[in-house]
Amino acid sequence: MKLNRRVWFINPRFQFKLIGYFSFVMLINFLLVKLFALMAFDSFYKMCKEAGLDPEGKIVQFINMQQGLLEDYISASFFFTLLFTIIGGYVISHRVAGPIWRINKVVKDSIKSGDFKTVHIRKNDYFHDLKETINDLFHLIKNKK
């Protein structure tokens, strides 16, 4: 896949805000999962203590090992999910911001020149219905002249 973009962020404020919002949600989720895992393992340790098990015994060592593995898995999962969230947020925000920028540019250019041009947006972008509505409006204005 060849990535040939001249402008990486079309509307940086919107795009960073969208990516930041979803990344923040991921961070909250990560912290909650870590907290709940910590609480679960704390209850395991209390149960071992109440059962009179040796704090250095094999069962407690096994629980320690499982806790460490789970924390590693949760951290790795968070890292990869955050990475995909950032990439996905970038792609989606680009597919939203791009058409809005293009429509805005064509409308401004049409007002300035008096010549109503057709709005074109990429196949995978959003707002094709808005593009069609604006093109219909421009066509109607052209025909009334």
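Our subject is the structure listed above.
Here we summarise the structure given alongside this text. Source: prediction; values computed, not measured.

How each quantity is defined
- Residues numbered from 1 in each chain as written.
- Predicted model: local features only at pLDDT ≥ 70, side-chain atom pairs only at ≥ 80, totals over all residues.
- Heavy atoms only, no water.
- Helix = DSSP H or I, 4+ residues; strand = E, 2+ residues; numbered from the N terminus.
- Rg over C-alpha atoms; globule rule 2.2 N^0.38 Å.
- Contact = heavy atoms within 4.5 Å.
- Areas by Shrake-Rupley, 256 points an atom, 1.4 Å probe, with all protein chains shown as cover.
- Lys, Arg positive; Asp, Glu negative; His and termini not counted.
- Charge placed at Lys NZ, Arg CZ, Asp CG, Glu CD.
- Phe/Tyr/Trp six-rings, centres within 6.5 Å; stacked < 30°, edge-to-face > 60°.
- Buried < 20%, exposed > 50% of the residue type's maximum accessible area, 1.4 Å probe, protein only.
- Expected span 1.5 Å × (residues − 1).

Another aspect to go through is the overall build of the chain. The helix and strand inventory of the chain stands at 3 helices and 0 strands. Ordered by position in the sequence, the α and β elements of the chain form the string α-α-α. The C-alpha radius of gyration computed for the chain amounts to 27 Å, which surpasses the reference 15 Å derived for 145 residues by more than 25%, pointing to a less compact arrangement than a globule. Over its C-alpha atoms, taken along the principal directions, the chain stretches across nearly 90 × 30 × 20 Å. Restricting to contacts in the chain with at least 6 residues of sequence separation, those with at least 24 account for 65%. Here the chain has roughly 11,000 Å² of accessible surface; of this, 66% comes from carbon and sulfur atoms. One way to put it: in the chain the 21 positive side-chain charges average out to a point 17 Å from where the 12 negative ones average out.

Here we come to the packing of aromatic side chains. One pass over the full model with this rule turns up 8 aromatic pairs. Seen from their ring centres, Trp8 and Tyr90 are 6.2 Å apart, and the 35° between their planes marks the pair as tilted. Highlighted residues: Trp8 in the segment before helix 1 (12-50) and Tyr90 in helix 2 (residues 58-113), separated in sequence by 82 residues. Trp8 gets classed as partly exposed once you look at its relative accessible area, which sits at 43%. Taking the relative accessible area as the measure of exposure, Tyr90 reaches 13% and is therefore buried. On the numbers, 5.0 Å between centres and 45° between planes, the contact of Phe116 with Phe138 is tilted. With Phe116 in the loop between helix 2 and helix 3 (128-144) and Phe138 in helix 3, this residue pair connects regions lying 22 residues apart in the sequence. With relative accessibility at 14%, the residue Phe116 sits in the buried group. We classify Phe138 as buried; its relative accessible area is 6%. Taken together, the ring pairs connect Trp8, Phe9, Phe16 and Tyr90 into an aromatic cluster.

In this section: helix 2. Here helix 2 is 56 residues long and its end C-alpha atoms lie 81 Å apart, about the 82 Å a rise of 1.5 Å per residue gives. Immediately beyond the C-terminal end of helix 2, within one or two residues, lies Gly114, with a positive phi of roughly 80°.

Attention now goes to the side chain of Asn135. As for its placement among the helices and strands, Asn135 is situated in helix 3. Take Asn135: its relative accessible area is 14%, and that puts it in the buried class. With near-sequence residues (within four places) excluded, Asn135 lies in contact with Lys117, Thr118 and Val119.

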